[in-house]
Amino acid sequence: MTVLGAGTGGLTWDLGQDVRELLSQHFMVNAFRAGTIVAVLAGAIGWFMVLRRQTFAGHTLAVISFPGAAGAILAGVSASFGYFGAAIAGALVIAAVPRSTSGQARSQESAVIGTVQAFALACGALFVSLYGGFLNSLVGLLFGTFLGISDTQVTTLLVVATAALVVLGAIARPLFFATVDPDVARARGVPVRLVSTVFLVLLGGAAAEVSQVTGALLVFALLVMPAAAAQRLTARPGLGVGLTVVFGIVTVWSGLGMAYFSVYPVGFFVTTVGFAIYVLAWAWALVAARLARRPMLEAAVVR
Amino acid sequence: MTASAALVVDPVTGLAHMFSHPFIRSAFLGGTGIAVASGLVGYFVVLRSQVFSGDALSHVAVTGALGALAAGIDVAFGLYGACVVVAIGLALLGARGRADDTVIGSVFAWILGLGALFLTIYTTSSSGVDATSGISVLFGSIFGLSSGRAVADATVGLGIAVGVVAIARPLLFASVDDAVASARGVPVRALGFVFLVLVGVTAAAATQAVGALLLLGLLATPAGAAQRLTARPFVAFALSAAIAVGSTWVGLVVSYAAPTVPPSFGILAAAVGCYVVAWSATLGRARAHGAVRG
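J.: Would you mind going over the overall build of chain A with me for this structure?
T.: When helices and strands are tallied, chain A shows 13 helices and zero strands. Element order for chain A, N to C, with α for helix and β for strand: α-α-α-α-α-α-α-α-α-α-α-α-α. In chain A, buried positions account for 51% of the 303 residues.

J.: Before we go on, may I ask you to explain the packing of helix α4 (residues 51-71) of chain B against helix α5 (residues 75-93) of chain B in this structure?
T.: Two numbers describe a pair of packed helices, the interaxial angle and the distance between the axes. All names here are of chain B. Here α4 crosses α5 at 140°, and the two axes come no closer than 7 Å. Taken together, the axes of α4 and α5 lie oblique to each other. Considering how the two elements wind past one another, α4 and α5 form a crossing that is right-handed. Within the contact between the two elements, α4 uses Ser53, Leu57, Val60, Ala61, Thr63, Gly64, Ala65, Gly67, Ala68 and Leu69 and α5 uses Val75, Phe77, Gly78, Leu79, Gly81, Ala82, Cys83, Val86, Ala87 and Leu90. Its residues placed into classes, the contact of α4 with α5 shows 14 nonpolar, six polar and no charged.

J.: Sorry if this is basic, but what is going on with the nonpolar core here?
T.: If you look at soluble globular proteins, the nonpolar side chains tend to sit buried side by side. By size, the foremost hydrophobic cluster in this structure holds 195 residues, and its most contacted members are Ile45 of chain A together with Ala61 and Cys83 of chain B. If you tally residues by element for this core, the top one is helix α2 (residues 26-51) of chain A, at 17 residues. Ignoring sequence-local partners within four residues, the contact set of isoleucine 45 of chain A consists of Leu168, Leu202, Leu203, Ala206 and Leu223 of chain A.

J.: Got a minute to help me understand the confidence of the model for chain B in this structure?
T.: Low-confidence regions, as indicated by low pLDDT, have predicted coordinates that should not be scrutinised in detail. Residue and element names in this part refer to chain B. Looking at chain B as a whole, the pLDDT averages 83, with 85% of positions reaching at least 70. Every residue in residues 290-294 scores below 50 in pLDDT, and together they form eight contacts with partners more than four places removed in sequence or on other chains. In the model output, the complex is listed with pTM 0.84 alongside ipTM 0.83.

J.: Any chance you could explain unusual backbone geometry here in plain terms?
T.: With phi around 60°, arginine 53 of chain A is a residue other than glycine that occupies positive phi space. Relative to the helices and strands, arginine 53 of chain A resides in the loop between α2 and α3 (55-63). Its identity is not glycine, yet serine 49 of chain B carries a phi of approximately 55°, on the positive side. Its place among the elements puts serine 49 of chain B in the loop between α3 (22-47) and α4.

Reading the values: rules and limits
Residues numbered from 1 in each chain as written. Chains lettered and ligands numbered in written order. Predicted model: local features only at pLDDT ≥ 70, side-chain atom pairs only at ≥ 80, totals over all residues. Helix = DSSP H or I, 4+ residues; strand = E, 2+ residues; numbered from the N terminus. Buried ≥ 20, exposed ≤ 12 C-beta atoms within 10 Å, placed from the backbone. Axes fitted to C-alpha atoms, helices over the stretch in contact; angles between N-to-C directions. Parallel < 35°, antiparallel > 145°, perpendicular 65-115°, else oblique. Left-handed = near helix turned anticlockwise from the far one by under 90°. Contact = placed C-beta atoms within 7 Å. Nonpolar A, V, L, I, M, F, W, Y, C, P; charged D, E, K, R; others polar. Core = buried A, V, L, I, M, F, W, Y, C linked by C-beta atoms within 7 Å. pLDDT = per-residue confidence, 0-100.

In structure tokens form, the structure reads like this:
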């Protein structure tokens, strides 16, 4: 279950004492390590995801690793195969639909994503029904937990995150170009389709790896919320990615800290902190735009 | 003789036997009402590229149901309340009744977080309760509909269908070209608002039948298939409802014949089958027309 409630000492008025108690538990140290890696990875990928208006695709890729895992368990192979297989297959199907801003193509794109998600989840229901049992871990898969993360898992997570960030760094410039102005990018010889596909596969792979540790809800929350907040505040890419990562880390650390001293789940605290940051960023951008008497900052972000 | 064998050997008697079960009659009645509503609403959801709003509302339904369970009130109250309130919120947030997808994503990730909180409150406050009632909210239990519930669902579905048909013409105008529509005096914003509330009510009703996670399939898949098959709006509108109803019936029969197949899977597999057929049938035509038809 997602309940922490391990703060036996209870919350004291001495913040230093509280932090020391938090870090005296090895599972909390691992939770902080994993949370930090996840925040950095999800922040960097999420910034591009929000810029590219692919939040729906991101959510779909975050949830479809569950049927993959259920199917893999049913077939008797390692669940990791299922996680990655489903996420990458989903990414390729979504990438096969041409992206376009024109009405008809956009509505078909959203219909395809919705179909992929619903069908994958229906397959999950089928696999669960065929396998029998498995339902309790389903709640964990959806709502997530940061508990019981082993040292090995932290190491794996670090390796996967580093690899994903290296790939993202390699395609960052053409990806940004292709996002901001696909037509000009194509004319300049940027392989727009290829770059978009690689990005979706990267998004799916990262979501699959992270959701094994944290559950689908937290992956999605960390992909979208910090990036959405940062893009309310700045349109500059470098600063935006930096702010996103900082927001993500603040969200995870404070969420974990609060959950440790309470009986309520990590997912609730992490999403609440993330949403609060987003609302504050929104309010700040509104006030700043009003004060400066110029078009809202988001208008500077491309479409 | 097993149900599946009976259906194969003698379809007429098999079907008659199938409909002698009260739970099958309830499932067909409630399922048909919800399918008609989802198919009609789904046409505009896809046309307006608001599938993500539907996705968000289906997750809000989970939180609403879990909140009602935690508070100890009727689940239906939580479902409808949460969906309608969030639908109104999404309509208010977005310009012209359409919210930005990052706004939707941030809002519903947080609402799902609230769902996790309610689930914890529910499972810890009442002893002996496991998480399975939360699971049935996620995956639906159409064979568990009582006859009263089925009549209620069919009535709600019919009401939604009447509502969508009533606003179909101006909504189509507003969806295809909102600038011209508002210049012609069509209340674009109010229509977007009313429409999202209808989506919210549909989400709440459908969650009980096919489950929150699969509702999206009933909204997006039949409508996507219908729009691939024909460019004529009102034909596609009706076709979308027909595919949704047909998929529901096929799914229910398959699930009855093969009890290990959950009805939700049968329904969605039939709908996805229609979509794949529509896609492959129109692939050549779309290529010839340069991928995008007006």
